[in-house]
Amino acid sequence: MSKVLVIGCGGVASVAIQKCCQVSDVFTELCIASRTKSKCDALAEKLAPITKTKITTAQVNADNVEELIALIKSYQPDLVMNIALPYQDLTIMDACLACGVNYMDTANYEPENTDDPAWRAIYEKRCKEEGFSAYFDYSWQWAYKKKFEDAGLTALLGCGFDPGVTQAYCAYAAKHEFDTIDTIDILDCNGGDHGYAFATNFNPEINLREVSAPGSYMENGHWVEVPAMSIKREYNFDQVGEKDMYLLHHEEIESLGKNFPGVKRIRFFMTFGQSYLDHMRCLEDVGMLSTTPINYNGQEIVPIQFLKALLPDPASLGPRTKGKTNIGCIFTGTKDGKPKTYYIYNVCDHQECYKEVGSQAISYTTGVPAMCGALMMLTGQWTKPGVYTVEEFNPDPFLDALDKYGLPRSENRAPALVD
Ligand code: NDP
């Protein structure tokens, strides 16, 4: 029996909310709050006839801590699920602390305005000290650890698929499959086709910022940074086939490096088609991915936000997208003194997701883990005061929940390795 406040009602949140409503004995009451209340009302109306969960809705600007505090105080939830944008992570964490409520999200903090001089000074220091230059990193949220510990509250960071399930796969491999892990390769393959020349599978602004950043990986505890899309490999993915994939910086490398310091190398690869890469390069070359406002005819415009307005809404891709995703981790290491390799992954079908929840697989593979992470917290299986990433909790009940609620694992004990 629990009350949950979900902030955000976009592509990922709508899947997470629908999945929560399939587990009404735990998620007994849900409040959906977002910037545009009409979207929350429409989803609540769709779900009312088919769930026992009692759903209410609210309007909130999650950039405003006072508004959030007023909402949390009036609703009194056991948990706040932040499924808005990474820009709101810190304001929502502040509000949770002020109200004494547990917190979770699906992506680590990054600022909306990367030209803010106060943020930039800290960012540039971090780039020099750490050696990677992506706009997002965990330092801002890890800085809340003591505050959450002192308040006796749990904050769970990055509980989507990647980050999220990929770290649970690492915790599972460390617990059950290996005595020592030498390398981790995280492989994110989207074999789906939506028929557009160019579209992003989740929030375009966040997605394009991520993939246009320099690539990086961790080797012997240090970051190695390379130009964006400069390391390419081919891989033959189960149920998808042969795809080109590129090394990217990704947030879970940072937390895995900290929590598994003995691992010698951690990399992340994502598949991209040539059309996506050509469009992205062209948009970048003409300045359309810039986050710096320009003045156009007396009006201030942020190029990447204008581009977002032109691109298809990721939520509209559901009915058009065919094919499968395959996301997982390949490990090398030792067990009982012998060398060992192991691959654990999930395959998810875009059309099956659309049939079940009206979304494509990218929203589905993020929304289901968000619900399962909330389930772990609400049932007391993942609670400890402080701020944690997924690999710091017991992976077993989480992976069992994913198996049950739509993202079953597959395993391969003799996988092809990535060179
Ligand atoms: P969408 O853009 O589809 O949805 C974002 C939602 O947040 C919208 O409902 C939006 O409201 C709401 N929102 C934005 N700003 C505010 C605000 N200031 N106050 C209140 N509500 C606000 O994004 P997605 O659903 O695609 O992504 C959601 C999150 O999931 C992101 O953080 C993304 O990075 C993360 N993600 C994580 C993945 C993982 O595997 N870990 C993979 C994919 C995404 P409105 O509609 O009114 O604008």
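What you see is a predicted model; the values in this text were computed from it and never measured.

Quick notes on the domain arrangement of the protein chain
And then number 1: Under the domain assignment used here, the protein chain contains domain 1 (3-157) and domain 2 (165-359).
And then number 2: Between domain 1 and domain 2, the C-alpha centre-to-centre distance is 22 Å.
And then number 3: Contact with domain 1, which involves 28 residues of that partner, is made by 23 residues of domain 2.
And then number 4: Across the interface of domain 1 and domain 2, roughly 2,200 Å² is buried in total on both sides, 49% from carbon and sulfur atoms.
And then number 5: Where domain 1 touches domain 2, the interface holds 2 salt bridges.
And then number 6: K19 is the salt-bridge partner of E356, the closest N and O atoms lying 2.5 Å from each other.
And then number 7: Across the contact surface, domain 1 and domain 2 share 13 residue pairs in polar contact (both at pLDDT 80 or more).
And then number 8: When contributions to the side of domain 1 that touches domain 2 are tallied by element, the ones reaching two or more residues are α1 (11-20) and α6 (139-142).
And then number 9: Element by element, the count of residues in the side of domain 1 that touches domain 2 is highest for α1, at 5 residues.
And then number 10: Split into classes, the residues belonging to the side of domain 1 that touches domain 2 amount to 12 nonpolar, 9 polar and 7 charged.

Re the site of the ligand
And then number 1: By nearness alone, 28 residues border the ligand, and R35, T36, K39, A62 and N203 come closest of all.
And then number 2: T36 is positioned with one of its side-chain polar atoms (N or O) 2.3 Å from an oxygen atom of the ligand.
And then number 3: At a separation of 3.2 Å, an oxygen atom of the ligand approaches a polar backbone atom of A84.
And then number 4: In the complex, 92% of the free accessible area of the ligand, which totals 930 Å², lies under the protein chains.
And then number 5: Here the shell around the ligand is composed, by residue class, of 13 nonpolar, 11 polar and 4 charged.
And then number 6: Residues from two domains meet in the shell around the ligand; each of domain 1 (3-157) and domain 2 (165-359) gives at least three.

Considering the environment of I206
And then number 1: With respect to the helices, strands and loops of the structure, I206 is situated in helix α9 (residues 204-212).
And then number 2: Judged by its relative accessible area of 7%, I206 is buried.
And then number 3: On a C-alpha basis, the gap between I206 and T53 in space is 31 Å, while along the polypeptide they are 153 residues apart.
And then number 4: Setting aside its immediate chain neighbours within four residues, I206 contacts L85, P86, Y87 and E110.

Quick word on the sheet that holds strand β3 (residues 54-59)
And then number 1: Read across the sheet, 7 strands follow the order β3-β2-β1-β4-β5-β6-β17 without closing on themselves; strand pairing throughout is parallel. The strands lining the two open edges of the sheet, one partner per strand, are β3 and β17 (386-389). Pairwise comparison of adjacent strand axes, ignoring direction, gives a mean angle of 20° for this sheet.
And then number 2: Relative to strand β4 (residues 79-82), strand β1 (residues 2-7) runs parallel, the two being bridged by 4 bridges.

Quick look at the packing of helix α8 (residues 165-177) against helix α10 (residues 251-259)
And then number 1: Orientation of α8 relative to α10, taken along the N-to-C sense of each, is 25°, at an axis distance of 10 Å. Here α8 is positioned roughly parallel relative to α10, judged by the angle of their axes. Handedness of the crossing formed by α8 with α10: right-handed. Contacts between α8 and α10 involve T166, Q167 and C170 on the former and, on the latter, E252, S255 and L256.
And then number 2: Its residues placed into classes, the contact of α8 with α10 shows 2 nonpolar, 3 polar and 1 charged.

Focus: the packing of α9 against helix α11 (residues 274-285)
And then number 1: Between α9 and α11, the shortest axis-to-axis distance is 12 Å and the interhelical angle comes to 90°. Considering the angle they form, α9 stands roughly perpendicular to α11. Facing N207, L208, V211 and S212 of α9, the residues of α11 in contact are Y276, M280 and E284.
And then number 2: Counted by class, the contact of α9 with α11 contains 4 nonpolar, 2 polar and 1 charged residues.

Re the side chain of Q18
And then number 1: Topologically, Q18 is positioned in helix α1.
And then number 2: Polar side-chain contacts of Q18 include one of 3.0 Å to the backbone oxygen of V357.
And then number 3: Sequence-distant contacts of Q18, defined by excluding residues within four places in its chain, comprise L43, K46, L47, E356 and V357.

Structural notes on the pairing of strand β10 (residues 232-237)
And then number 1: Sheet topology places β10 next to strand β11 (residues 241-247); 6 bridges connect them, and they run antiparallel. Each residue of the ladder has a partner; that of F237, found in β11, is G241.
And then number 2: As consecutive antiparallel partners, β10 and β11 are separated by 3 residues, and within that stretch Q239 has a phi angle of approximately 65°, a positive value.

What counts, and at which threshold
Throughout, residues of each chain are indexed from 1 in the direction in which the sequence is written. Local features in a predicted model are, by the rule used here, given only for residues with pLDDT of at least 70; side-chain atom pairs are given and counted only at 80 or more, and totals for whole chains, interfaces and linings are based on all residues. The basis for every side-chain value is the complete set of heavy atoms in the structure, and neither hydrogens nor water enter the calculation. In this document the domain limits rely on a domain assignment from an automatic tool or a database. Two residues qualify as a contact provided that any one of their heavy atoms is within 4.5 Å of a heavy atom in the partner residue. Reported buried area values correspond to the accessible surface (1.4 Å probe) lost by two parts on association, with both partners' losses combined. We define a salt bridge as a side-chain nitrogen of Lys or Arg found within 4 Å of a carboxyl oxygen belonging to Asp or Glu. Under this definition, polar contacts are N or O atom pairs within 3.5 Å; protein pairs additionally need one hydrogen-donor-capable and one acceptor-capable atom, and for neighbouring residues in sequence, both atoms have to be side-chain atoms. The secondary structure listing takes helices from DSSP runs of H or I that are at least 4 residues long and strands from runs of E that are at least 2 residues long, numbered from the N terminus. Any residue that is not Ala, Val, Leu, Ile, Met, Phe, Trp, Tyr, Cys, Pro, Asp, Glu, Lys or Arg is counted as polar, Gly included; the first ten are nonpolar and the last four charged. Near residues are defined by distance, with any heavy atom within 4 Å of the molecule or strand qualifying the residue. Per-residue and other accessible areas were derived by the Shrake-Rupley procedure at a 1.4 Å probe size, with only the shown protein chains allowed to occlude residues. Buried, partly exposed and exposed residues are distinguished by accessible area as a fraction of the type maximum, computed with a 1.4 Å probe on protein chains only: under 20%, between the cut-offs, and over 50%, respectively. At least two bridges found by DSSP between two strands are what make those strands a pair. An axis is simply a line fitted to the C-alpha atoms; with a helix, the fit covers only the stretch in contact. Between two such axes, the angle follows the N-to-C directions and lies from 0 to 180 degrees. Here the word oblique covers every angle except those under 35 degrees (roughly parallel), over 145 (roughly antiparallel) and from 65 to 115 (roughly perpendicular). Left-handed describes a crossing in which the near helix is turned anticlockwise from the far one by less than a right angle; the clockwise case is right-handed.

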